[in-house]
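Each chain is listed here by its residues.
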Amino acid sequence: MSSNAEGSPPSTSSAAAATTRDWIFPSYSFVHSTHSIRRTPRRRRFSSYHPPPSPQFNSTAAAVSSAEGASNSFSTISPSYRPRSLEFGNHQKSTRLLAGGPDGPAAAPVKSNDAVSSEKREVKETRTTYLEKRFSKIFRGGLRIRPQLAFSVSIVTTVLSSLLSKNFTLRKEVTELQDQISKLNVRLKLCNLLDSSDMYNSNLQDVSLDSSKSLKIAALLVSIMLLLLPLFFFLFKYVDYISSSRRQIDNNLEEVSLNKQLAYRVDVFLSVTPYAKPLALLVATLLLICLGGLALFGVTDDSLADSLWLSWTYIADSGNHANSEGIGPRLVSLSISFGGMLIFAMMLGLVSDAISEKFDSLRKGRSEVVERNHTLILGWSDKLGSLLNQLAIANESLGGGTVVVMAEHDKEEMELDIGKMEFDFRGTSVICRSGSPLILADLKKVSVSKARAIVVLAEDGNADQSDARALRTVLSLTGVKEGLQAHIVVELSDLDNEVLVKLVGGDLVETVVAHDVIGRLMIQCARQPGLAQIWEDILGFENCEFYIKRWPQLDGMQFEDVLISFQDAIPCGVKVASSGGKIILNPDDSYVLQEGDEILVIAEDDDTYSPSDLPMVKDAKFLLVNQLARKPQKILLCGWRRDIDDMIVVLDASLAHGSELWMFNEVHENERERKLTDGGLEVDRLMNIILVHRKGNAVIRRHLESLPLESFDSILILADESVEDSAIQADSRSLATLLLIRDIQAKRLPYKEAMAYQTHRGSFSQGSWIGEMQQASDKSVIISEILDPRTKNLLSMSKISDYVLSNELVSMALAMVAEDRQINDVLEELFAEEGNELHIRAANLYIEEGEELSFYEILLRARQRREILIGYRLADTEKAVINPPAKNERKEWSLKDVFVVIAEKE
């Protein structure tokens, strides 16, 4: 267009050209050219700036036009035409140069920059008003409650709205300043007649800058809204809670408070969800990174990815925010760093709790036992120490083994109690775990399916409750899905419960009834003084014990030859394969071993014996000595046991006809008969004994003095039912009864017998109380049931009583059955009323005075009486020798010696 002073109308050609193309910025050559330049259609270009219609700009343009004398003109743009906003998104900032100049009569109406800025302000104010209206609608819809609460909500809303309004106002001022800077840049470019391409690039940068600003504002608003979202949530929840509370008050109903509901939900989440704490920490960290990244993106010039990474660095290292510049970035970085410190503290607490829980789990014995072929003991009782000692001795030949103990006790307490036990474990490792044998998960924790033997101990206390718990334990063991490769040894307290346990456990179960075993041992020891020490040697693993093993080289040999085929063992029986593995004690000499038969022997260990060549043994002559017939005996029972009815049955079967059984305890006579009847005993059907009842306290001297203590052949002091739960109390009572009985017996001895005894034994001075008791012990046998090994040592030193250490003997039996379940059949026969049992025989049944014989020769003489000789006790010694060495060596014997044999019950 022509820029003349008169403002003449544009030419026709210029007008025609204006209809076919948009305006363009004039280049430097175009403005300063003196020639008529041919206009060609060019690509549409848009500017984001409106040049202001200032006089300075018009005068400058006119001066340039008149100085050069150019006839150039700008093409006219129709006022109805508007560039499409989709290319740059902000068509309000486009500037159009009119063809006829600012003063031409044909110039199209052009909006000034101030008008455009005012339009932008109106649009933004319209948006702000719209947002305020939206928020006000939301609050008006949600806060229809009582006036006080509505007033509080309105104040909060007003504060938030004012903050947002200030933020938008600041943003508008920044935008205006940026617009003014842009306008000044455009003026400078026009004054210097910059190239149109440079102006285009500047316009693109301005447009991208505006879009980036919009994104940053949106990111900042999103971060603010996310931070305010919990506040609105709790606010609406509180409003809803107040409304529901009012309704419930009207309806007289109760509802749990909001705090309790939230606490319950959090508790359920932490309890049910696995790894809830690490998951919550991860979510909090990601949320802080996102919010911090959005906030940094809104207040800095960095990209979104860089802002997120910068947010993570602030969280990971709280000192990184020191490099921030500006109030906005510093506030945001400080907030992120503070949140990072909280997350770091949470992470430290989580890691510390995890480590503490792991160590606590290890300390309390909750970790899994990874063992195979170990011995598993379930339960805790006073017998555990003796049982562990016997198992350690049994595993010594194997270099030690592994024993796992699981009980409902603290692991540290169990380990402390085991550490106090005064014996050598001989390489055996004892592992303790805390748990219940009734819970399959706890059984799996101790590798129950891989154990080679399982021992279930009876609890101290009530017998019925203890046996009921043992029964439930067997049920749990049979319910293991992986199955069991071990046999179960169950200690029971009452013989009546044995059938039920075997019914539940089937072939897996071997039972040891503690009270029944001790009762039978006491009866055997009362009839044969000194038998208790022999049982300790046979039951324990310290000396000789029973072993069963197959020797193919002995097939086809008679049993009388098998007896002298082992130099380091004594054969006692045969496990017959053709009879389903039945063990026959003391078989006939003519029995021939068949293929598959196994030999039962008494030996030091399972690897210390083997068959050898038959030795040359001189045929022993038969000594025809008639054994004295049994005489009626008088026996006293002091105390009351729950299985005393079973003891009476055994005594009736073993004593001669006409024997008397005196029962001295604190139970009334009528109550005794009722208890005996309830136990299954029919007093009228007793064949050999007569019951005599006396009531009294066994620890009161005047009550004991009412009894003819000097006339009894044997006295059995039982651990009374009232105190049997406490080993120390029961032993104290038994020891007091023993001392009182011995003292009364010594005082009732004739003076001549007392003097003769003092002359015969000079170890104690005349008048010594222990010497008087020892002389009384020669007149009658007292068998005391002792539970604590420390009391046993006192009695063995004083020599005033035979003793039966019940806990230790039962533990020995449990250990033997745990190592080899077949031994239980041998023990049951030796303890039963019928069959074979241990006997102590006088020497005159086998030898003559001063005769020199080998052990093998005496063994063959015993076989003539259908007995198996297993040991002897010399007259000048106190301890018997079981399975003696050098069996083929001759020695001189005395008639005061005694021999230990396995023979049928008399």
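Residues numbered from 1 in each chain as written. Predicted model: local features only at pLDDT ≥ 70, side-chain atom pairs only at ≥ 80, totals over all residues. Heavy atoms only, no water.

- For the protein chain, an unreviewed UniProt entry supplies the name Ion channel CASTOR-like isoform X3 and the organism Salvia divinorum.
- Among the UniProt annotations of the protein chain, the heading Subcellular location (unreviewed entry) holds the following wording: "Nucleus membrane".
- Its UniProt record, at the heading Sequence similarities (unreviewed entry), says of the protein chain: "Belongs to the castor/pollux (TC 1.A.1.23) family." (UniProt positions renumbered as here; feature names shortened; annotations may be inferred.)

**Here we look at the overall build of the protein chain**
Part 1 of the argument: What the protein chain contains, in helices and strands, is 28 helices and 22 strands.
Part 2 of the argument: Among the 906 residues that make up the protein chain, the fraction classed as buried is 45%.
Part 3 of the argument: If you take every contact in the protein chain between residues at least 6 apart in sequence, the share linking residues at least 24 apart comes to 76%.
Part 4 of the argument: A total accessible area of about 47,200 Å² is found for the protein chain, and carbon and sulfur atoms account for 55% of it. (Helix = DSSP H or I, 4+ residues; strand = E, 2+ residues; numbered from the N terminus. Buried < 20%, exposed > 50% of the residue type's maximum accessible area, 1.4 Å probe, protein only. Contact = heavy atoms within 4.5 Å. Areas by Shrake-Rupley, 256 points an atom, 1.4 Å probe, with all protein chains shown as cover.)

**Thoughts on the sheet that holds strand E20 (residues 881–882)**
Part 1 of the argument: Taking strand neighbours across the sheet as the criterion, the four strands line up as E17-E22-E19-E20 in an open arrangement whose pairing is antiparallel. Looking at strand neighbours, the two that pair on one side only are strand E17 (836–842) and E20, the edges of this open sheet.
Part 2 of the argument: Bridge analysis of E17 against strand E22 (residues 898–904) gives seven bridges, and the strand direction is antiparallel. Bridging from a neighbouring strand, Glu-837 pairs with Ala-903 of E22. (Pairing = 2+ DSSP bridges.)

**Some words on unusual backbone geometry**
Part 1 of the argument: The phi dihedral of Arg-426 falls on the positive side, at around 55 degrees, and the residue is not glycine.
Part 2 of the argument: Within the secondary structure, Arg-426 sits in the loop between helix H12 (411–419) and strand E3 (429–434).

**Overview of the pattern of salt bridges**
Part 1 of the argument: Tallied over the full model, the rule gives 30 salt bridges.
Part 2 of the argument: Taking the shortest distance from any N to any O, the salt bridge between Arg-733 and Glu-666 comes out at 3.0 Å. On the criterion of sequence distance, the pair formed by Arg-733 in helix H22 (residues 727–747) and Glu-666 in the loop between strand E12 (659–665) and helix H20 (669–678) is long-range, its members being 67 residues apart.
Part 3 of the argument: Judged by relative accessible area, Glu-666 falls into the partly exposed class, the value being 43%.
Part 4 of the argument: Asp-743 is the partner of Arg-701 in a salt bridge, and the nearest nitrogen-oxygen pair spans 2.8 Å. Here the residue Arg-701 occupies a position in helix H21 (residues 701–705), and Asp-743 occupies one in helix H22, the gap between them amounting to 42 residues.
Part 5 of the argument: Using a relative accessible area of 17% as the deciding quantity, one classes Asp-743 as buried.
Part 6 of the argument: Overlapping salt bridges bring together Arg-701, Glu-705, Asp-743 and Lys-747 as one network. (Salt bridge = Lys/Arg side-chain N within 4 Å of Asp/Glu carboxyl O.)

**A look at the packing of aromatic side chains**
Part 1 of the argument: Using the criterion set out here, one finds ten aromatic pairs in the structure.
Part 2 of the argument: Plain terms: the ring middles of Phe-855 and Tyr-872 are 6.4 Å apart, the flat faces sit at 50 degrees to each other, and that makes the pair tilted. Of this pair, Phe-855 sits in helix H28 (residues 855–863) while Tyr-872 sits in strand E19 (residues 868–873), and the two are 17 residues apart along the sequence.
Part 3 of the argument: Here Tyr-872 falls in the buried class, since its relative accessible area comes to 11%.
Part 4 of the argument: Among the aromatic residues, ring-to-ring pairing joins Tyr-846, Phe-855, Tyr-872, Trp-893 and Phe-899 into one connected group. (Phe/Tyr/Trp six-rings, centres within 6.5 Å; stacked < 30°, edge-to-face > 60°.)

**What about the UniProt feature "transmembrane region" (unreviewed entry) in the protein chain?**
Part 1 of the argument: UniProt's entry tags residues 217–239 and 279–299 with the feature "transmembrane region" (unreviewed entry), counted in the numbering of this structure.
Part 2 of the argument: The straight-line gap between the two end C-alpha atoms of residues 279–299 is 30 Å; of that span, 100% is helix and 0% is strand.

**A few points about the sheet that holds strand E5 (residues 487–492)**
Hydrogen bonds along the backbone pair up the strands of a sheet, which may run parallel or antiparallel.
Part 1 of the argument: The sheet built from six strands is open, its strands ordered E3-E2-E1-E4-E5-E6 with parallel pairing. Unpaired on one side and paired on the other, E3 and strand E6 (509–513) mark the two borders of the sheet. Put simply, the sheet's adjacent strands are angled 20 degrees from each other on average, direction ignored.
Part 2 of the argument: Strand direction decides the pairing type here: strand E2 (residues 402–407) and E3, joined by six bridges, are parallel. Residue pairing in the sheet places Val-405 in a bridge with Cys-432 of E3.
Part 3 of the argument: The strands that helix H14 (residues 463–478) touches are strand E1 (375–378), strand E4 (453–456), E5 and E6; relative to E5, the one it contacts most, it runs at about 170 degrees. (Axes fitted to C-alpha atoms, helices over the stretch in contact; angles between N-to-C directions.)

**Structural notes on the nonpolar core**
Part 1 of the argument: Counting residues in each nonpolar core, the largest one holds 117 residues, and the members touching the most others are Ile-377, Phe-546 and Ile-870.
Part 2 of the argument: The greatest single-element share of this core, amounting to nine residues, is contributed by helix H26 (residues 806–819).
Part 3 of the argument: Once residues lying within four places of it in the same chain are set aside, the contact partners of Ile-377 are Leu-384, Leu-387, Leu-388, Leu-391, Val-403, Val-404, Val-405, Met-406, Val-455 and Leu-457.
Part 4 of the argument: Judged by nonpolar contacts, the second largest core, of 23 residues, contains Leu-378, Val-456, Val-474 and Val-513. (Core = buried A, V, L, I, M, F, W, Y, C linked by side-chain atoms within 4.5 Å.)

**Structural notes on the side chain of Thr-313**
Part 1 of the argument: Within the secondary structure, Thr-313 sits in helix H9 (residues 304–316).
Part 2 of the argument: With relative accessibility at 18%, the residue Thr-313 sits in the buried group.
Part 3 of the argument: Here Leu-310 takes part through its backbone oxygen, which lies 2.5 Å from a polar atom of the side chain of Thr-313. (Polar contact = N/O pair within 3.5 Å; in protein donor to acceptor, adjacent residues only side chain to side chain.)

**Looking at the confidence of the model for the protein chain**
Part 1 of the argument: Mean pLDDT over the protein chain stands at 76; residues scoring 70 or higher make up 70%.
Part 2 of the argument: With pLDDT under 50 throughout, residues 1–111 is counted as low confidence; its partners more than four residues away or in other chains account for 155 contacts. (pLDDT = per-residue confidence, 0-100.)

**Digging into the packing of H14 against helix H15 (residues 498–505)**
Part 1 of the argument: Contact geometry of H14 with H15 gives a least axis separation of 9 Å together with a crossing angle of 10 degrees. It follows from the interaxial angle that H14 and H15 lie roughly parallel. Every residue of H15 that contacts H14 at Leu-471, Val-474, Leu-475 and Thr-478 is listed here: Leu-500, Val-501, Val-504 and Gly-505. (Parallel < 35°, antiparallel > 145°, perpendicular 65-115°, else oblique.)

**Brief notes about empty space enclosed by the protein**
Part 1 of the argument: Scanning the model with the defined rule gives seven cavities of 30 Å³ or more in all.
Part 2 of the argument: Forming the walls of the largest cavity are 25 residues, and the residues nearest its centre are Lys-383, Asp-460, His-515, Glu-724 and Asn-807.
Part 3 of the argument: The set of elements that each furnish at least two residues to the lining of the largest cavity consists of E5, helix H16 (514–527) and H26. (1 Å grid on protein atoms, 1.4 Å probe; cavity = no way out; pocket = protein on both sides within 12 Å on 5 of 7 lines; lining within 4 Å. Points joined across faces, edges and corners; volume = space filled by probe spheres on them.)

**Examining the packing of helix H17 (residues 531–539) against H26**
Part 1 of the argument: Direction vectors running N to C along H17 and H26 enclose 30 degrees, while the axes themselves pass 9 Å from each other. Classed by the angle they form, the pair H17 and H26 counts as roughly parallel. H17 and H26 meet at a crossing whose hand is left-handed. On H26, the residues touching Glu-536, Ile-538 and Leu-539 of H17 are Leu-809, Met-812 and Met-816.
Part 2 of the argument: Taken together, the residues of the contact of H17 with H26 sort by class into five nonpolar, no polar and one charged. (Left-handed = near helix turned anticlockwise from the far one by under 90°. Nonpolar A, V, L, I, M, F, W, Y, C, P; charged D, E, K, R; others polar.)

**Focus: the pairing of E12**
The side chains of a regular strand alternate between both faces of the sheet.
Part 1 of the argument: For E12, a buried count of six out of seven residues is recorded, marking the element as mostly surrounded by other parts of the structure.
Part 2 of the argument: Where strand E11 (residues 634–638) lies against E12, five bridges are found, and the strand directions are parallel. Across the sheet, Lys-634 pairs through a bridge with Glu-660, a residue of E12.
Part 3 of the argument: Once the chain exits E11 it traverses helix H19 (residues 644–654) before rejoining the sheet at E12, and the crossover so formed is right-handed.
Part 4 of the argument: Pairing of E12 with strand E13 (residues 689–695) involves seven bridges; the strand directions are parallel. Within the sheet, the bridge partner assigned to Met-663 lies in E13 and is His-693.
Part 5 of the argument: Of the crossover connections in this fold, the one passing from E12 over H20 to the parallel E13 is right-handed. (Right-handed = clockwise from strand over helix to strand, strands pointing away.)

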